[in-house]
Amino acid sequence: MADITIQKRPRNEAVVTQRKFFKKTARGKVIKVIRERYLRNDIYCGVVGCRLCADGTTAVLPISGDMTHRDFPCGHYILPDTNIFLTQMDLFESNQFVFPIILLQTVMEEVRHRSLPLYNRLKALLKSEDKQVWIFYNEFRYETAVIREEDETPNDRNDRSIREGARWYNSHLHLARLPIRGQKPPQVVLLTEDAGNREKALSANIPCMSIREYIERTQKPAPLLDLLAAAGSEEIEPTKATGARAVLYADHLPTAVLLTGVNAGQLHQGHFNANSYNYLEGTVLVPTFAKPVLLVGRENMNRAVHGDIVAVEILPESEWKSPGDEVVDAESMLKNDDVESGDENDQNDTNDTLVQARESRAVRGSEHAPAEKQPTGRVVGIIKRNWRAYVCHIDASSLTSTSTSSLSLQTIFASPVSRLLPRIRIRTRQAPSLVGQKILVAPDRWDRTSRYPDGHFVRALGKVESKEAEQESLLLEFDVPYRPFGKAILDCLPVEGDAWTVPPKNDGNAVWRDREDLRDLVVCSIDPPGCQDIDDALHARLLPNGNIEAGVHIADVSHFVHADTPMDVEAASRGTTVYLADKRVDMLPSLLGTNLCSLRAGVERLAFSVIWELTEDANIVNVRFTKSVISSKAALEYSEAQMRLDDSTLADPLTVSIRLLNSLAKKLKAKRMAAGALDLASPEVRINLASPESSDPLVAPSDLPDSSTLSGSKDEEKGETIGVIQKALLATNSLVEEFMLLANISVAMRINEAFPQTAVLRRHMAPPKTNFEKLQDMLMKRKGFTLDVSDSGALAASLDRCVDPQSPAFNTLVRIMATRCMTSAEYFCAGSVSRDTFRHYGLASPIYTHFTSPIRRYADVLAHRQLAAAIAHTPLHPSLHSKVHVERIMDVLNRRHRMAQMASRASVEFYVGLALRERGEVLAKSGKAGGVVEEAFVIRTFRNGLGVFVFELGLEGLVMFKQDVRFDAENYTVTLPSPTAGDVTIALFDKVKVKIDVEKDKNTQRGRVKMTLVSPVDSSGL
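Residues numbered from 1 in each chain as written. Predicted model: local features only at pLDDT ≥ 70, side-chain atom pairs only at ≥ 80, totals over all residues. Heavy atoms only, no water.

Engineer: I tried to follow the overall build of the chain on my own but got confused; where do I start?
Structural biologist: Looking only at helices and strands, one finds 26 helices and 39 strands in the chain. A total of 1022 residues make up the chain; the buried ones form 52% of that total. Contacts in the chain between residues far apart in sequence, at least 24 positions, make up 67% of those at least 6 positions apart. (Helix = DSSP H or I, 4+ residues; strand = E, 2+ residues; numbered from the N terminus. Buried < 20%, exposed > 50% of the residue type's maximum accessible area, 1.4 Å probe, protein only. Contact = heavy atoms within 4.5 Å.)

Right, dumping it as structure tokens:
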């Protein structure tokens, strides 16, 4: 028998290998937790060819480090501390930053604790193929592990751990390679902004620098210096704007005070929403009040930026106000503001005074608004900033030098594309070359003495209005992940690639296990024109007992996308496919989305089927769920399916199936509407890109019957004609919609029954009745209609009655406006909310989920996995048994879904603007007056303008008046002088004609739609 020797560990070693902390339980009891750490001396340093470390196959750090830095000619690596990563992530992500990085475990964990988004970016940096980043697990290496000393703060302990890691690396590198005569080994440089930490490091002979000092000593510092964040840079020479200045804002309260106040009910927490019509107003929706809390004036908004989570203090009721009735535009109000304003120069003081006076007048003007007052407050602190990098244009008027050869440091304004955001002040040496380009800018701080936040330049995207720059800026603006799929993700795809096929039916084949063979069914898909990611198909047939079998067959994406794989993690991060006017940003690699999972005609595909037996009256007799194999008999467009419905001479099995489906769909819709479902609307137009050979440059062809092509223009870059087409809805649109809804409802019931704590569901909360008060008042005063919002059924009935015989589009307009009063639908975890809040208000369904589009929505993939487990086909992955995990994913999916919708709308708006501009130029060349004239509805009235909606283009805009006009806020009218007809009164819901021009700002090069009245009065002189 082998001898076993048991050695007792020294007491001092036990201290090093144990971590002790105290934890408070849910009941308030404090317990001590001791965790054992197993220390090793074989954790690899990451240097290629290190002769002291074994198993260096994954090493990424070059043996000599980087030898291009002026201060380290013998080579070096950098070792940043936590705060460097927290403030300078844009620098490390830049392609221009190529220095090898050592990332300590201590730093990684501290970043995760401080900021989860930055932690995710740091993980992406580790995986980047063009970066040399090595994570060193210093907490588990015997020589570098440290224990927190008595009376030592956690932050000081972490700083000491980082210094110890840097010290060990420098001593280790002396022995890592054979000595070379006359050449010193490379050094590890600790980067920190903490002056005390630098002093301790230097006293221990550890090379140490601030990030700015390090960058200034590189060979080409200028572009890298622009990437440095302004926050925390103590050595930065202050700009004039940060010199001695008057305080504009109150101090923000500390986070601990804010949270205490919120918990005590003295403060209220919510998201800050900027007003798109008035930059001096904002609102915060809080649970305590039915109406949002109104914030009036720059001081009361106190540096909050759209999307920030803020704490507000409610003012006394005597100081409550009503929202303003005037358009206050930041661009015109602050047009001549000095980027360096606020120093001791009299001229700049005068400028400050003028701006403040204009803003004060605008705020005082809003106080006279006769509307009902609502809770009014002020921001006392920021609980969580929603800052990220924003797409901006450079304001050329803020440049002090326009010479492209000048490398002088300039402070300039960057104007965000989103008009909800304030201008950002940046310092850059590249200012002249950035004029006329779209750039990415990240805000860093907003001092209480400045009207604007300070930020830093991240990178240039390209020339304004170039197709590539516009596409990328749109994706960045709405935070749409668009990077190519990496190797680890692509490795998850079937090795056969596009040659993969459904294997022959065989009981021993795992693919066919518990999978029904439905290849003989007459299945077809019905989709929009050009659809490639076909994820749903349908069938219907008569049964011998006189009932009807109807089936919805959904692409079996979960067969290919397995839980907790790199492809699954990426799909969860992307959340949804994003559809732009001219491209699609896929959630899954195209091999799956447009090939192996796409239910193409004549190809056998794996599916997840929901099959009902229904009576002729569309009553469900039973429903079953099964994995299946189908072979679609046709991939039809909506118009093709509609032609089969309308052609009475056709009687083939496919047409008969479509007619059965349509008959059932009509009855299903009638049942939904009777239950109180809403038939809402949104301004939907479609961009049609066609080859110039196939159409007149002014009229783009439509492939939709009965759709009106409203304007067109030629895209010179690609030789395409751009047509703006209003979407036409056919009976087959409703057919598909009804069966998708029925499938989603049926699946929701089944997975909630099986997994009541973690089922992935979707709900639409009933909107507060106060949301409709303005619309109710508008309809009653201008049209005499009553809008009953007591429940969804009453609302649906009253919307049906809002009909103007003279204007068929009026009812659609009212539905669009009613939709804007609604809350947004959201994904949720079944066990996280009470059962009585499951209801989907718009669909009048007690329960709902998303199941029918797994190629393009990750929520559907999760529903597939839960349904597969519910029918005992595949065990459920442990992560979907965790309520916390599901809640976290739902939060991501809700955000991604909202951003994808906004990106899609912005893409359409861009092409509408492009078509309008080109159409105006063509008209001008032909001798006609420039600008496109279209009919529009008045949807808002202001003291100095009108909000109009161009129905045919799905475009909303403002008609502004520079002269004083008579404004009746109570009756929603504006009276304008007319040289021919005397005074002309324009009221809400009136039809007018507007001329639409697309202007380019001469300073920022940003395009902007400008509208002027043509009829009933020409407002060009007003």
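Engineer: Explanation requested: the confidence of the model for the chain in the structure shown.
Structural biologist: Note that predicted coordinates carrying low pLDDT should not be read in detail. Residues with a pLDDT of 70 or more make up 87% of the chain, whose mean pLDDT is 85. pLDDT under 50 marks residues 342-347. Its contacts with residues more than four places away, or in other chains, come to twelve contacts. (pLDDT = per-residue confidence, 0-100.)

Engineer: Hey, could you run me through the nonpolar core in this one?
Structural biologist: For soluble globular proteins, the rule of thumb is that nonpolar side chains tend to be buried together. Membership of the largest hydrophobic core comes to 56 residues, with the highest contact counts inside it found for Leu79, Phe85, Phe97, Ile102, Tyr169, Tyr214 and Ile215. With six residues, helix α6 (residues 154-176) is the single largest residue contributor to this core. Ignoring anything within four residues of it in the chain, the contact list for Leu79 reads Ile102, Leu104, Ile162, Gly165, Ala166, Tyr169, Val188, Val189, Leu190 and Leu191. Counting 48 residues, the second-largest nonpolar core is a separate cluster that includes Trp500, Ile534, Ile611 and Ile630. (Core = buried A, V, L, I, M, F, W, Y, C linked by side-chain atoms within 4.5 Å.)

Engineer: Which parts of the structure should I look at to understand empty space enclosed by the protein?
Structural biologist: A probe as big as a water molecule, rolled over the atoms, marks out the empty space that is left. Using the criterion set out here, one finds three cavities of 30 Å³ or more in the structure. There is about 50 Å³ of room inside the largest cavity. Its residues assigned to classes, the lining of the largest cavity comprises nine nonpolar, no polar and no charged. (1 Å grid on protein atoms, 1.4 Å probe; cavity = no way out; pocket = protein on both sides within 12 Å on 5 of 7 lines; lining within 4 Å. Points joined across faces, edges and corners; volume = space filled by probe spheres on them. Nonpolar A, V, L, I, M, F, W, Y, C, P; charged D, E, K, R; others polar.)

Engineer: Can you walk me through the environment of Glu921 in this structure?
Structural biologist: Position of Glu921 among the secondary structure elements: in helix α26 (residues 883-925). Owing to a relative accessible area of 38%, Glu921 belongs among the partly exposed residues under this scheme. For the pair Glu921 and Val932, spaced eleven residues apart in sequence, the C-alpha separation works out to 9.6 Å.

Engineer: Mind showing me how you'd approach the sheet that holds strand β13 (residues 390-394) here?
Structural biologist: Two modes of strand pairing occur in sheets, parallel and antiparallel, and in both the strands are linked by backbone hydrogen bonds. As summarised here, the arrangement of the five strands in space is β13-β14-β15-β17-β16, forming a closed barrel in which the pairing is mixed. Strand-to-strand, the axes of this sheet are offset by a mean angle of 50 degrees, without reference to chain direction. In terms of strand pairing, strand β14 (residues 410-416) meets strand β15 (residues 424-428) through five bridges, oriented antiparallel. Bridge pairing in β15 links Gln410 to Thr428. Contacting β13, β16 (437-445) and β17 (454-463), helix α15 (residues 467-477) crosses the sheet at an angle of about 145 degrees to β17. (Pairing = 2+ DSSP bridges. Axes fitted to C-alpha atoms, helices over the stretch in contact; angles between N-to-C directions.)

Engineer: Help me out: how do you make sense of the pairing of strand β8 (residues 268-274) in this one?
Structural biologist: For a regular strand, the rule is simple: side chains alternate between the two faces of the sheet. Note that β8 and strand β11 (residues 309-314) share four bridges and pair antiparallel. By the bridge assignment for β11, His271 is matched with Ile309. The turn linking β8 back onto strand β9 (residues 281-284) is made up of six residues.

Engineer: Hey, could you run me through the pattern of salt bridges in this one?
Structural biologist: A side chain of one charge can pair with a side chain of the opposite charge if their charged atoms are brought near each other. Tallying each qualifying case throughout the model produces 49 salt bridges. For Glu139, the salt bridge is made with Arg157, and the minimal N-O distance between the two is 2.8 Å. Here Glu139, found in the loop between β5 (133-136) and α6, pairs with Arg157, found in helix α6; they are 18 residues apart in sequence, far enough to count as distant. Assessed through its relative accessible area of 7%, Arg157 is described here as buried. In this structure, Arg672 and Glu738 form a salt bridge, with 2.7 Å as the shortest nitrogen-oxygen distance. (Salt bridge = Lys/Arg side-chain N within 4 Å of Asp/Glu carboxyl O.)

Engineer: Any chance you could explain the packing of helix α17 (residues 566-574) against α26 here in plain terms?
Structural biologist: Each pair of packed helices gets described by two things: the angle between the helix axes and the distance between those axes. Where α17 meets α26, the closest approach of the two axes is 8 Å, and the angle between their N-to-C directions is 55 degrees. In terms of their interaxial angle, α17 and α26 are classed as oblique. On α26, the residues touching Ala572, Ser573 and Arg574 of α17 are Val892, Leu893 and Arg896. Looking at the contact of α17 with α26 residue by residue, the class counts come to three nonpolar, one polar and two charged. (Parallel < 35°, antiparallel > 145°, perpendicular 65-115°, else oblique.)

Engineer: What am I meant to see in the packing of aromatic side chains here?
Structural biologist: Tallied over the full model, the rule gives 20 aromatic pairs. Relative to Trp446, the ring of Tyr249 lies with its centre 6.0 Å away and its plane at 80 degrees, an arrangement referred to as edge-to-face. Taken as a pair, Tyr249 in the loop between α9 (221-226) and α10 (255-264) and Trp446 in the loop between β16 and β17 lie far apart in primary sequence, 197 residues in all. Residues Tyr249 and Trp446 agree in their burial class; the two are buried. A network of ring pairs unites the aromatic residues Phe85, Phe92, Phe97, Phe99 and Tyr214 as a single cluster. Positioned over the ring face of Phe413 is Arg423, at 4.1 Å from the centre of the ring. Cation over ring: Arg762 sits above Tyr827, and NZ or CZ is 4.5 Å from the ring centre. (Phe/Tyr/Trp six-rings, centres within 6.5 Å; stacked < 30°, edge-to-face > 60°. Lys NZ or Arg CZ within 6 Å of the ring centre and 35° of its normal.)

Engineer: Explain the sheet that holds β11 here, please?
Structural biologist: Read across the open sheet, the five strands follow the order β10-β9-β8-β11-β12; overall the sheet is antiparallel. If you trace the sheet from one side to the other, it starts and ends with β10 (293-296) and β12 (377-384), each paired once. Taken pair by pair, the neighbouring strands of this sheet meet at an average axis angle of 40 degrees, ignoring direction. Across six bridges, the pairing between β11 and β12 is antiparallel. For Ala311, the partnering residue across the bridge sits in β12 and is Gly381. Of the strands in this sheet, β8, β11 and β12 touch α10, which is tilted by about 120 degrees from β12.

Engineer: Explain the environment of Gly1021 here, please?
Structural biologist: For Gly1021, the position within the fold is in the segment after β39 (1007-1015). When the C-alpha positions of Gly1021 and Lys962 are compared, they lie 8.7 Å apart, and in sequence the two are 59 residues distant.

Engineer: Would you mind showing me how to read unusual backbone geometry here?
Structural biologist: Note: most residues except glycine have negative phi, and most peptide bonds are trans. With an omega of 10 degrees, the peptide bond running from Ser1015 to Pro1016 counts as cis. Summarising the element assignment, Pro1016 is placed in the segment after β39. Even without glycine at this site, Ala844 takes up a positive phi of about 55 degrees. Counting through the fold element by element, Ala844 comes out in the loop between β31 (826-829) and α25 (858-870).

Engineer: Just checking my understanding: could you explain the state of the cysteines for this structure?
Structural biologist: A covalent bond between the sulfur atoms of two cysteines is referred to as a disulfide. Here the structure, examined in full by the defined rule, presents zero disulfides. Considering cysteine sulfurs only, Cys50 is the nearest to Cys53, which forms no disulfide, with 3.7 Å between them. Exposure remark for Cys53: the relative accessible area of 14% places this residue in the buried category. (Disulfide = S-S within 2.5 Å.)

Engineer: What is the right way to look at the environment of Glu738 in this model?
Structural biologist: Turning to its location among the elements, Glu738 is positioned in helix α21 (residues 731-754). Residue Glu738 is classed as buried on the basis of its relative accessible area, which comes to 2%. Separated by 69 residues in sequence, Glu738 and Lys669 have C-alpha atoms that sit 6.5 Å apart. Apart from residues no more than four positions distant in its own chain, Glu738 is found in contact with Ala665, Leu668, Lys669 and Arg672. A polar side-chain atom of Glu738 sits 2.7 Å from a polar atom in the side chain of Arg672. (Polar contact = N/O pair within 3.5 Å; in protein donor to acceptor, adjacent residues only side chain to side chain.)

Engineer: What am I meant to see in the packing of α21 against α25 here?
Structural biologist: It is the contact of α21 with α25, at a shortest axis distance of 9 Å, that shows an interaxial angle of 65 degrees. For the pair α21 and α25, the sense of crossing is left-handed. Contact with α21, carried on its side by Val747, Arg750, Ile751 and Ala754, involves Ala863, Gln866, Leu867 and Ala870 of α25 and no other residues of that element. By residue class, the composition of the contact of α21 with α25 is six nonpolar, one polar and one charged. (Left-handed = near helix turned anticlockwise from the far one by under 90°.)

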